[in-house]
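Topology and contacts: notes
The residues making up each chain are set out below.
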Amino acid sequence: GIFYATLYGGAKSKMRALVQPFNSGKLWLYTDEIRHTRKISDFDVTNCHPTLRTSLYKMWAANLAAELVLKTKGAGDDKGSYRLLSAYLDGIDASHENNARLGTIRFLWRSLGLLGVCPEVHFCVQCGKNLFSDSSSSQASTAHLLDTSTAYVMYFTTLNGFVCGDCLQSFDDAGKKNGFVVSQDALTYLAAINDLSPGQVRSLSISASAAYEMKRLVFTLIENAACCKLKSLESGLGIL
């Protein structure tokens, strides 16, 4: 779970240098049973992320991920949320900024799955039509449609799902303003996050416009899932 402990020592102390945000390792704690307080006695760092302190984007993205886990309490799945957060921090630390931005989209989308509110991407929420192809294999559909960029669907928060092009004809212009346009490329990438292994998804390329569509969508969905405004998103929107 999540608990709080106090670190004592000046700015130049060894402990202050070790106990840094997003470092992980073995921590020694002293618990005062009378005062009901904890203090950090020692810390053996086994994994640190130096680029999270040199890249403004990575620092903000890591703060967003940590804030999300704190606000949602990891959906009660301590181990699952820790694995997801740790893998994300390791990934963006080892990546160039452009790849780290895609990593943030993948992390937030998987977080929606952990929270149990990830929308269905394969079928229209209105008519149930397959949003990809007639292939019976979702993975085959994903591979087949990676180069498709002309078709698009829309996501509606009120429906918590994607609406196909045929059903969109029943929406007037005012209704469509409440939706998020998602190209077939973007939808396919989101489906790949669910259907393929992390290594396979990282090898996929995506256009800048599709990445922007996904970013707008997942930022809205994750705040809805957290049931609050995330301070990292509000203060760092121009960075993230």
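Conventions we followed
Residues numbered from 1 in each chain as written. Predicted model: local features only at pLDDT ≥ 70, side-chain atom pairs only at ≥ 80, totals over all residues. Heavy atoms only, no water. Helix = DSSP H or I, 4+ residues; strand = E, 2+ residues; numbered from the N terminus. Buried < 20%, exposed > 50% of the residue type's maximum accessible area, 1.4 Å probe, protein only. Contact = heavy atoms within 4.5 Å. Areas by Shrake-Rupley, 256 points an atom, 1.4 Å probe, with all protein chains shown as cover. Lys, Arg positive; Asp, Glu negative; His and termini not counted. Charge placed at Lys NZ, Arg CZ, Asp CG, Glu CD. Patch = residues over 30% accessible without salt bridge, like charges linked within 9 Å, V, L, I, M, F, W, Y side chains within 5 Å. Salt bridge = Lys/Arg side-chain N within 4 Å of Asp/Glu carboxyl O. Pairing = 2+ DSSP bridges. Axes fitted to C-alpha atoms, helices over the stretch in contact; angles between N-to-C directions. Phe/Tyr/Trp six-rings, centres within 6.5 Å; stacked < 30°, edge-to-face > 60°. Lys NZ or Arg CZ within 6 Å of the ring centre and 35° of its normal. pLDDT = per-residue confidence, 0-100. Core = buried A, V, L, I, M, F, W, Y, C linked by side-chain atoms within 4.5 Å.

A short note on the overall build of the chain
Scanning the chain from N- to C-terminus turns up eleven helices and five strands. Viewed in the frame of its principal axes, the chain has a C-alpha envelope of about 65 × 35 × 35 Å. Relative to its 240 residues, the chain shows a buried fraction of 40%. Within the chain, counting contacts between residues at least 6 apart in sequence, those at least 24 apart form 65% of the total. Accessible area for the chain stands at about 13,500 Å²; split by element, carbon and sulfur atoms hold 53% of it. The average position of the 24 basic charges and that of the 21 acidic charges among the side chains of the chain differ by 9 Å.

Examining a nonpolar patch on the surface
A cluster of nonpolar side chains, contributed by Ile 2, Tyr 4 and Leu 70, occupies part of the molecular surface with about 370 Å² of accessible area. For Ile 2, a relative accessible area of 48% puts it in the partly exposed group.

A look at the side chain of Glu 213
On the secondary structure map, Glu 213 appears in helix α10 (residues 208–226). Arg 216 provides the closest opposite charge to the buried, unpaired Glu 213, separated from it by 7.6 Å. Apart from residues no more than four positions distant in its own chain, Glu 213 is found in contact with Val 181, Val 182, Ser 183 and Ala 186.

Focus on the sheet that holds strand β3 (residues 152–156)
Taken in spatial order, the three strands make up an open sheet running β4-β3-β5, and their pairing is antiparallel. Only two strands of the sheet have a single partner each, and these edge strands are β4 (161–163) and β5 (179–183). Averaged over neighbouring strand pairs, the angle between their axes works out to 35° when direction is ignored. Across the sheet, helix α8 (residues 184–195) is in contact with β3, β4 and β5; its angle to β5 comes to roughly 85°.

Describing the packing of aromatic side chains
The final tally for this structure, using the stated rule, is three aromatic pairs. For the ring pair Phe 156 and Phe 171, a centre distance of 4.6 Å and an interplane angle of 10° mean the geometry is stacked. Within this pair, whereas Phe 156 is found in strand β3, its partner Phe 171 is found in the loop between α6 (165–168) and α7 (173–176), the two being separated by 15 residues in sequence. Relative accessible area serves as the criterion here: at 3%, Phe 156 is assigned to the buried category. Over the ring of Tyr 57 we find Arg 101, and its NZ or CZ is 4.1 Å from the ring centre.

Brief notes about the confidence of the model for the chain
Summing up the model confidence of the chain, the mean pLDDT is 89 and the portion of residues at 70 or higher is 92%. Between residues 134–149, whose pLDDT stays under 50, and residues either more than four places distant or in other chains, the model counts 26 contacts.

Notes on the pattern of salt bridges
Under the defined criterion, the tally for this structure stands at four salt bridges. Measuring nitrogen to oxygen at the nearest pair gives 3.0 Å for the salt bridge that ties Glu 97 to Arg 101. Highlighted residues: Glu 97 and Arg 101, both in helix α4 (residues 97–115), separated by four residues, approximately one helical turn. You can call Arg 101 partly exposed: its relative accessible area is 27%.

Observations concerning the nonpolar core
With 59 residues, the main nonpolar core has Phe 107, Leu 108, Trp 109, Phe 162, Leu 187, Leu 190 and Leu 217 as its most contacted residues. No other element matches α10, which puts nine residues into this core. Those residues within four positions of Leu 190 in sequence are excluded, and the remaining contacts are Trp 109, Val 121, Phe 162, Met 214 and Leu 217.

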